[in-house]
Amino acid sequence: MIYGASPVIDNLFLLAVVALGWGLSLSTYRLFARSRGWPMGALQADAPFIPVLIGLAGLFAGLIFAAARGSDDGGWVIIALGLLFAVLWTGFLRVASQLSLILAPIATFLLLLGWLAVPLGFAERRWATERPSETLQRRGILKPDSSVAVPNPPASDATP
């Protein structure tokens, strides 16, 4: 990678993928659940417009972020991984009706917070542009890798 260039996979990239995936899964779950006889939560069954609106907000936030990021910085990858994530989440796990109601708004809010902080006049969020491993290292959860660490300065000629 070029020094100073932003990485393609950073925290905003991951938030866009999951916001798009959870949003698409949440907005289409009722359609699949009714046709296949899957269980639905009370909100999905009684007031389906609420999960659909929450899902569409996450879906559009992820799509707009991918479009703003452009194809050179992984915009198409965000869309492809988001679609794959939605298929896996809905098709294999079938937990979209309840868990996505909580996770989709959180991911969408964090995506918008990290992405729109600077245009709205706030300071840049450091966690937004870091790689996930850098965030974990900064928080002390992950130890720095010795191969990535800065090399030691050369030893001086004078010995004590």
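Parameters at a glance
- Residues numbered from 1 in each chain as written.
- Predicted model: local features only at pLDDT ≥ 70, side-chain atom pairs only at ≥ 80, totals over all residues.
- Heavy atoms only, no water.
- Helix = DSSP H or I, 4+ residues; strand = E, 2+ residues; numbered from the N terminus.
- Expected span 1.5 Å × (residues − 1).
- Buried < 20%, exposed > 50% of the residue type's maximum accessible area, 1.4 Å probe, protein only.
- Arc of directions from axis to C-beta.
- Axes fitted to C-alpha atoms, helices over the stretch in contact; angles between N-to-C directions.
- Parallel < 35°, antiparallel > 145°, perpendicular 65-115°, else oblique.
- Left-handed = near helix turned anticlockwise from the far one by under 90°.
- Contact = heavy atoms within 4.5 Å.
- Nonpolar A, V, L, I, M, F, W, Y, C, P; charged D, E, K, R; others polar.
- Core = buried A, V, L, I, M, F, W, Y, C linked by side-chain atoms within 4.5 Å.

Looking at helix H3 (residues 49-69)
Think of an α-helix as turning once every 3.6 residues; residues three or four places apart then point the same way.
Part 1 of the reasoning: A rise of 1.5 Å per residue sets the reference length of H3, with its 21 residues, at 30 Å; its end C-alpha atoms lie 30 Å apart and thus fit the reference within 8%.
Part 2 of the reasoning: When we look at burial in H3, the residues that qualify are Pro51, Gly55, Gly58, Leu59, Ala61, Gly62, Phe65, Ala66 and Arg69. Buried residues of H3, seen end-on, are gathered within an arc of 155 degrees and therefore sit on one face of the element. Exposed positions of H3 whose direction lies more than 90 degrees from the buried face are Phe49, Leu53, Ala67 and Ala68.
Part 3 of the reasoning: Once H3 finishes, Gly70 follows within two positions and takes phi at roughly 85 degrees, a positive value.

Quick word on the packing of helix H1 (residues 11-36) against helix H4 (residues 75-93)
Part 1 of the reasoning: Axis separation between H1 and H4 bottoms out at 7 Å; the angle between their running directions is 45 degrees. Classified by the interaxial angle, the pair formed by H1 and H4 is oblique. For H1 against H4, the interelement crossing comes out right-handed. Two secondary-structure elements touch here, H1 through Phe13, Ala16, Val17, Val18, Leu20, Gly21, Trp22, Leu24, Ser25, Tyr29 and Phe32 and H4 through Val77, Ile78, Ile79, Leu81, Gly82, Leu83, Phe85, Ala86, Trp89 and Thr90.
Part 2 of the reasoning: For the contact of H1 with H4, the class distribution of residues is 17 nonpolar, four polar and no charged.

Description of the environment of Arg125
Part 1 of the reasoning: You can see Arg125 is positioned in the loop between helix H5 (96-116) and helix H6 (126-129).
Part 2 of the reasoning: A relative accessible area of 28% means that Arg125 is categorised as partly exposed.
Part 3 of the reasoning: With 11 residues separating them along the chain, Arg125 and Gly114 place their C-alpha atoms 5.9 Å apart.
Part 4 of the reasoning: Those residues in contact with Arg125 that lie beyond four places of it in its chain are Leu113, Gly114 and Ala117.

Some thoughts on the nonpolar core
Part 1 of the reasoning: By size, the foremost hydrophobic cluster in this structure holds 18 residues, and its most contacted members are Leu12, Phe65, Ile78 and Leu111.
Part 2 of the reasoning: Residue assignment for this core shows that the elements contributing at least two residues are H1, H3, H4 and H5.
Part 3 of the reasoning: The element best represented in this core is H1, accounting for eight residues.
Part 4 of the reasoning: For Leu111, the contacting residues outside a window of four places in its chain are Leu12, Leu15, Ala16, Ala19, Ala61, Gly62 and Phe65.

Quick notes on H4
Part 1 of the reasoning: For H4, spanning 19 residues, the distance from its first C-alpha to its last is 26 Å, which sits close to the expected 27 Å at 1.5 Å a residue.
Part 2 of the reasoning: Every buried residue belonging to H4 is among Gly75, Ile78, Gly82, Ala86, Trp89 and Thr90, and all of these are buried. Looking straight down H4, one finds its buried side chains confined to an arc of 80 degrees; they lie on one side. Across from the buried face of H4, at angles greater than 90 degrees, the exposed residues are Trp76, Val87 and Phe92.
Part 3 of the reasoning: Directly after H4, the chain includes Arg94, whose backbone phi takes a positive value near 55 degrees.

Any functional reading would require information beyond the geometric quantities listed.
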